[in-house]
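Summary of structural features
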Amino acid sequence: MGKMLVKCDPHGRVPWNDDIICVGCSAVWQCRSEAEPRYAPEMCTCGRRLLPPPGERGRRGKGGKGGEFSARLLCPKCAEAARKAAAS
Ligand SMILES: [Zn+2]
Ligand SMILES: [Zn+2]
């Protein structure tokens, strides 16, 4: 299986780089590495469930047994732009 693609309006289809966005508050997180900043928590800072509980992973956005969750895949270019905006 190849790298998952993200469909983004301005950027087209790009390889997903483990960036996610909370649909509730538009906070940008990553799930690449706990050692990196903004590692995705299970609950977003806005109080929504960002990720399904462990064991329910792999059904992102579908709301399995764990209920609704707010993470959506984010294009790496949009993630980069969001990080720059947050840093300035
Ligand atoms: Zn949020
Ligand atoms: Zn994009």
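Residues numbered from 1 in each chain as written. Chains lettered and ligands numbered in written order. Predicted model: local features only at pLDDT ≥ 70, side-chain atom pairs only at ≥ 80, totals over all residues.

**Topic: the pairing of strand β1 (residues 5-8)**
- In terms of strand pairing, β1 meets strand β2 (residues 12-15) through four bridges, oriented antiparallel. The partner of Cys8 across the bridge, within β2, is Gly12.
- The turn joining β1 and β2, which pair antiparallel and follow one another in sequence, is formed by three residues. (Pairing = 2+ DSSP bridges. Helix = DSSP H or I, 4+ residues; strand = E, 2+ residues; numbered from the N terminus.)

**So, the environment of Cys78**
- The residue Cys78 is located in helix α1 (residues 76-87) in this model.
- Overall, the presence of 18 C-beta atoms within 10 Å leaves Cys78 in the partly exposed class.
- Along the sequence, Cys78 and Ile21 sit 57 residues apart, while their C-alpha atoms lie 9.9 Å from each other.
- When near neighbours in sequence (up to four residues on either side) are disregarded, Cys78 contacts Cys8 and His11. (Buried ≥ 20, exposed ≤ 12 C-beta atoms within 10 Å, placed from the backbone. Contact = placed C-beta atoms within 7 Å.)

**Quick notes on unusual backbone geometry**
- Although it is not a glycine, Asp18 sits at a positive phi angle of roughly 65°.
- As for its position among the elements, Asp18 is in the loop between β2 and β3 (19-22).
- Looking at Asp18, the number of C-beta atoms within 10 Å reads 17, which means it is partly exposed.
- Despite not being glycine, Arg38 shows a phi value in the positive range, around 60°.

**Points about the nonpolar core**
- Formed by 15 residues in total, the largest nonpolar core has its most connected members in Ile20, Cys22, Ala40, Leu50, Ala71 and Leu74.
- When sequence neighbours within four positions are dropped, the list of residues in contact with Cys22 reads Ala27, Cys44, Cys46, Arg48, Leu50, Ser70 and Ala71. (Core = buried A, V, L, I, M, F, W, Y, C linked by C-beta atoms within 7 Å.)

**A word on the confidence of the model for the protein**
- Averaged over all residues, the pLDDT of the protein is 87; the fraction at 70 or higher stands at 84%.
- A low-confidence stretch, residues 60-66 (pLDDT under 50), is modelled with 11 contacts involving residues beyond four sequence positions or located in other chains. (pLDDT = per-residue confidence, 0-100.)

**Some details on the sheet that holds strand β5 (residues 71-73)**
- One open sheet accounts for three strands, arranged β4-β3-β5; its pairing is antiparallel. The two strands at the open ends of the sheet, each matched to only one other strand, are β4 (28-30) and β5. The mean angle between the axes of side-by-side strands here comes to 40°, regardless of whether they run parallel or antiparallel.
- Across three bridges, the pairing between β3 and β4 is antiparallel. What sits directly across from Ile20, in β4, is Trp29. (Axes fitted to C-alpha atoms, helices over the stretch in contact; angles between N-to-C directions.)

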